[in-house]
Amino acid sequence: MRILGIDPGYAIMGYGILDYKGNKFTPVEYGSITTEAHTPNEERLLTLYNELTRIISEFRPDEAAIEELFYNTNATTAIMVGEARGMALLACAQGNIKISEYTPLQIKSSLTGYGRADKKQVQTMVRMMIPRG
């Protein structure tokens with residue numbers, strides 16, 4: 001099974017593609033899609049959409065895991081990230097990819113056993129679980 005993981009963002013959308021066979025993950029591709037500041041919103045969303053659909057077309061994932069929106073204090077940022085997240089959901093749906101959505105707490109808990117783990121702890125666990133190929 002091939003899985004596309006998406007960390008939605010407006011300026012930077014992270015992605016990773018893994019193959020899962022037996023009980024083992026193998027990295028296929030990972031990176032980020034970036035958009036330029038001060039570019040009109042619709043152009044930024046179009047860039048994200050075009051790049052994500054290209055990635056889906058090239059790697060043909062079976063499933064996608066997308067982080068749910070985390071809202072803290074900046075409503076404007078939350079709305080912009082929500083728009084990017086909606087675009088990612090649309091691109092996956094159009095690619096007939098099964099979508100699963102996870103909160104940051106769920107992701108951190110499953111990786112580290114602690115839902116409030118910091119970024120460094122998450123990175124360490126990912127490196128342990130998914131060796132570089």
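Residues numbered from 1 in each chain as written. Predicted model: local features only at pLDDT ≥ 70, side-chain atom pairs only at ≥ 80, totals over all residues. Heavy atoms only, no water.

### With respect to the sheet that holds strand S5 (residues 98-102)
- Spatial ordering of the open sheet is given by S3-S2-S1-S4-S5, a layout of five strands whose pairing is mixed. The sheet is open, and its two borders are formed by strand S3 (24-34) and S5, each paired with just one other strand. This sheet shows a mean twist of 20° between the axes of neighbouring strands, independent of strand direction.
- Most of the contacts of helix H1 (residues 41-59) go to S3, to which it runs at about 155°, and overall it touches strand S1 (2-7), strand S2 (12-21) and S3.
- Of the strands in this sheet, S1, S2, strand S4 (63-67) and S5 are in contact with helix H2 (residues 75-94), which crosses S4 at around 175°. (Pairing = 2+ DSSP bridges. Helix = DSSP H or I, 4+ residues; strand = E, 2+ residues; numbered from the N terminus. Axes fitted to C-alpha atoms, helices over the stretch in contact; angles between N-to-C directions. Contact = heavy atoms within 4.5 Å.)

### A closer look at the packing of aromatic side chains
- Summed over the entire model, instances satisfying the criterion amount to one aromatic pair.
- A centroid spacing of 4.6 Å and a plane angle of 40° characterise the contact between tyrosine 20 and phenylalanine 25, whose relative ring orientation is tilted.
- Assessed through its relative accessible area of 27%, tyrosine 20 is described here as partly exposed.
- What makes phenylalanine 25 partly exposed here is its relative accessible area of 25%. (Phe/Tyr/Trp six-rings, centres within 6.5 Å; stacked < 30°, edge-to-face > 60°. Buried < 20%, exposed > 50% of the residue type's maximum accessible area, 1.4 Å probe, protein only.)

### Things to note about H1
- For H1, spanning 19 residues, the distance from its first C-alpha to its last is 27 Å, which sits close to the expected 27 Å at 1.5 Å a residue.
- Among the residues of H1, those classed as buried are Arg44, Leu48, Leu52, Ile55, Ile56 and Phe59. Down the axis of H1, the buried set is contained in an arc of 100°. They therefore lie on one face.
- Check the buried side of H1 and you find it contacts S1, S2, S3 and H2.
- Where H1 terminates, the next one or two residues include arginine 60, which has phi positive at roughly 45°. (Expected span 1.5 Å × (residues − 1). Arc of directions from axis to C-beta.)

### Some points on the packing of helix H3 (residues 104-112) against helix H4 (residues 119-129)
- Closest axis-to-axis distance for the H3/H4 pair is 9 Å, and the angle between their directions is 55°. Judged by the angle between their axes, H3 and H4 are oblique. Judged by the twist between their axes, the crossing of H3 over H4 is left-handed. The residues of H4 that touch H3, namely those facing Lys108, Leu111 and Thr112, are Gln121, Val122, Met125, Val126 and Met129.
- Its residues assigned to classes, the contact of H3 with H4 shows five nonpolar, two polar and one charged. (Parallel < 35°, antiparallel > 145°, perpendicular 65-115°, else oblique. Left-handed = near helix turned anticlockwise from the far one by under 90°. Nonpolar A, V, L, I, M, F, W, Y, C, P; charged D, E, K, R; others polar.)

### Regarding the side chain of arginine 85
- Residue position: arginine 85 is located in helix H2.
- Judged by relative accessible area, arginine 85 falls into the buried class, the value being 12%.
- Excluding anything up to four places from it in sequence, arginine 85 contacts Pro8, Ile66, Glu67, Glu68, Leu69 and Glu101.

### Structural notes on the pattern of salt bridges
- One pass over the full model with this rule turns up four salt bridges.
- A salt bridge links arginine 54 to glutamate 58; the nearest nitrogen and oxygen atoms lie 2.9 Å apart. Taken together, the positions of arginine 54 and glutamate 58, both in helix H1 and four residues apart, correspond to about one turn of that helix.
- By relative accessible area, arginine 54 is classed as partly exposed at 38%. (Salt bridge = Lys/Arg side-chain N within 4 Å of Asp/Glu carboxyl O.)

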